[in-house]
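As a plain string of letters, each chain reads:
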Amino acid sequence: MIAQPLTIIGGKLVLPTGEPQAGAIRSENGRIVALGDVAPQDGDTVFDAKGALVAPGLVDLGVFAIDKPAFHFGGITRAALMPDVGPPLDHPARVRFAAQSGKPDLWVHPLAAATRGLEGTELAELALMRDAGAKAVATGRAWIADSGVMLRLLRYCAMLGLVVVTHAEDAAITGKAVATAGEVATRLGLPSAPAEAEALAVSRDIALAELSGAHVHFRQVTTARALDLVRAAKARGVRITAGVTPAHFILSDLELVGFRTFCRLSPPLRRDSDRKAVIAAIADGTIDVIASGHDPRGPEDKRLPFADAEPGMAGAETLLPLTLTLVRDGEITMARAFELLATNPAKLLGVAAGKLEVGTEADFAIVDPVRPWVVSSDKMAAAAGNTPFDRRPVEGRVTALFKGGNRVD
Amino acid sequence: MPAGNRLSADDLTSRELGLMQSPNQPSAGRYPAGGLAFPHRDLTGIGQLARHEILYLLDEAEQWVDLNRQSKKKTDLLRGLTIINAFFENSTRTLLSFEIAGKRLGADVVNMHAAQSSVKKGETLIDTAMTINAMRADAIVIRHASSGAVRLIAEKVDCPVLNAGDGQHEHPTQALLDALAMRHALKLPIGSDLNGLKVTICGDILHSRVARSNILSLTALGADVRVCAPPALMPEEVDVMGVTPFYDFDAALKGANVVMMLRLQQERMSGQFIPSPREYRHLYGLTPERLAKAEPDAFIMHPGPMNRGVEIDSTVADHPTRSLITNQVEMGVAIRMACLEVLTRRTRQVPGWDAVGAAA
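Everything numeric in this text was worked out from a predicted model, so none of it was measured.

With respect to the domain arrangement of chain B
Many descriptions give the size of an interface as the accessible area lost when the pieces come together. Residue and element names in this part refer to chain B. Assigned domains of chain B: these are domain 1 (25-171 + 329-343) and domain 2 (173-325). Each partner contributes residues to the interface: domain 1 has 29 residues there, and domain 2 has 25 residues. Contributing elements (two or more residues each) for the side of domain 1 that touches domain 2: helix 2 (51-68), strand 4 (161-166) and helix 12 (325-343). Sorting elements by how many residues they give to the side of domain 1 that touches domain 2 places helix 2 first, with eight residues.

Considerations on the interface of chain A and chain B
Listed as interface residues are 20 residues of chain A and, on the opposing side, 24 residues of chain B. Considering each element in turn, the side of chain A that touches chain B owes the most residues, five residues, to helix 6 (residues 183-188) of chain A. For the side of chain A that touches chain B, a count of residues per class yields nine nonpolar, five polar and six charged.

Brief notes about the pairing of strand 1 (residues 82-87) of chain B
All names here are of chain B. With respect to burial, strand 1 is a largely interior element, five of its six residues being buried. Taken together, the five bridges between strand 1 and strand 3 (residues 139-144) define a ladder with parallel strand orientation. Among the inter-strand pairings, I83 is bridged to a residue of strand 3, identified as A139.

Some words on the nonpolar core
Most often, soluble globular proteins have nonpolar side chains that are buried together. Judged by nonpolar contacts, the single largest core of 245 residues is most densely connected at L111, A136, V137 and V164 of chain A together with V259 of chain B. The dominant element in this core, judged by the number of residues it contributes, is helix 12 of chain B, at 11 residues. Residue contributions to this core reach at least three from each of two domains, namely domain 1 (25-171 + 329-343) and domain 2 (173-325) of chain B. Contacts of V137 of chain A, omitting those with residues within four sequence positions, involve L111, A112, A114, L126, C157, L162, V164 and V165 of chain A.

Brief notes about the packing of helix 2 of chain B against helix 6 (residues 172-185) of chain B
Angle between the axes and distance between the axes: these two values describe a pair of packed helices. Residue and element names in this part refer to chain B. Contact geometry for helix 2 and helix 6: axes closest at 10 Å, N-to-C directions at 65 degrees. Regarding helix 2 and helix 6, the two cross each other, and that crossing is right-handed. Between helix 2 and helix 6, the contacting residues are I54, L57, L58 and A61 on the first element and L176, A179, L180 and R183 on the second. Class assignment for the residues of the contact of helix 2 with helix 6 results in seven nonpolar, no polar and one charged.

Scoring rules and cut-offs
Residues numbered from 1 in each chain as written. Chains lettered and ligands numbered in written order. Predicted model: local features only at pLDDT ≥ 70, side-chain atom pairs only at ≥ 80, totals over all residues. Domains from an automatic or database assignment. Contact = placed C-beta atoms within 7 Å. Helix = DSSP H or I, 4+ residues; strand = E, 2+ residues; numbered from the N terminus. Nonpolar A, V, L, I, M, F, W, Y, C, P; charged D, E, K, R; others polar. Buried ≥ 20, exposed ≤ 12 C-beta atoms within 10 Å, placed from the backbone. Pairing = 2+ DSSP bridges. Core = buried A, V, L, I, M, F, W, Y, C linked by C-beta atoms within 7 Å. Axes fitted to C-alpha atoms, helices over the stretch in contact; angles between N-to-C directions. Left-handed = near helix turned anticlockwise from the far one by under 90°.

Below you can see the structure in the form of structure tokens.
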């Protein structure tokens, strides 16, 4: 669908650096053609942002379901779909189908399953999937335990130029754990694993990334020790990046008290010192991406005893406001927030989007950064209301969304 | 009853005095009036109870200990009430104990065996709870293999819920009966706590709900609790629960007044946690030689079922005066009678109990 030329006036543009600047932005054929001091031309669709932020549409790196209402509510115009759907994205035809599934107003970027059936043993047809539209490769919810398989995978992906998105938890130590070892898990009697399971996995995959030259993206790094490893490896110049979801910088394992299954996540919530380390890592650039990990789960998966419940949270709607808490607390700037939410994930996926720059896709989120609202499990746009942030007052709401220069209803 | 070293004439007198009070209110005056003495609808864990609430249940159980020792063991306090024992995990002794407790109180007791294999995960768990609820049970006793399952059901039903063991979380009636057995063995009077008593709990602490409930109950009652297990079976940061962890059983036994042994819960272990039962006995088996490292008159406890020759030797388990293992079973019935009787007071419209108990 070819868009009408669009000019958004009266907004404050969230540019790659600096404070948001008053200005206008104009797009033609779905791409940005001018920004700053520009005026609408004849025939343009004109949208008045009335002082709100004009930001790049969010690029959500790593979701488990295509949930368009939730994504649009949250200002997400592109979502990288994890291969853990049933059946897994380990076949070119499924990748091609998934890549078309959201268009035109949501672009889905499938992540190819690294191994057949996500079993961690045989490599899947990665080149065929790349050419069918896979923008990166992912190990899924699980770690590839076999280091030989992982090394072959990384070498192959280095050749294909595909980023490998990994889950960082040593599977043998983690076992059937549903919580981080510590006081809370001990008191509740929940199967738990030490937080070091993450550092071990990160450590191995850094070594293999160095050896293979592949770009490894740790989808979620949630512990101080693992973040230290990432920080040190980046300083050495290893091609790794790291992400996290808001739950791990806002909540700690104290939330598990009362066996709240909406707080059953993978990796599990950590202790408070790790939560603070995640915030520090976001502030100092160790963490590159904040994603929603959107995984809507109904009562049949969540209204169960804690250890029997499925992990995951519906996070698309709260991704932006929860990230803005870091801006309000002075940890990061507004420009950095959108670098984490849009620019960096777009770069990892190799798509021309995620920032306000001439030539990139005209994906815009019009954001009122201080508009207050209350998260409500019952009223969510998502397919299910499994949010650990139920009844939490937040600030920041998307008031209008544009994908490729077209208004999203 | 084995001879203890704390026996005194005063103690006996006060205990007898306590027993001579009205059978329904053996502890009147010591606790808040009416339902404030135990303001909970459910018994999901010791963690929800204050010290005086634990003591209240112990004191209430005393009358049932006495009743159970008579030839006619039946009352009709709970006549007309229906108690459902919903056991989602296999059990022999706890189920039997709850069934006897309910029957001796005059209730209609129904046992529901819902073995874990036949229950397809949670939708059936909630559905089962709703079904039981619709049958208008007056109390539900639940055992389930997952931590927190009993609380989940309690949130869905309208009647009191008793936790008969949920996963690795809690087994509150076991902790209460253990405290009662200790109090009797030590000949302590009604209302007594266990201040200063040194209790060593040894075995699979990690997987044990008995250990968790006992840690909470014994520390609340003032006991000095040590836990002993190999590293793989010791929960992380267990010391924040107010206990001292030991890997060395001999060191843990030094000065102990009570030694509580737990069995290895192989069914909750995936992978190898100890090299062999023989090696486990070598380090953690309660042999007569090892028992000698505890106080000379130390009592021996085990919640059962025992693996004789692994965590405990037969000569120790069957010690005529120091083993409390059968006393524990006896106290179990009395404690469960007390819990069922107290939790159904609101339903039975016992004066002073009608307005409380909304909170779990």
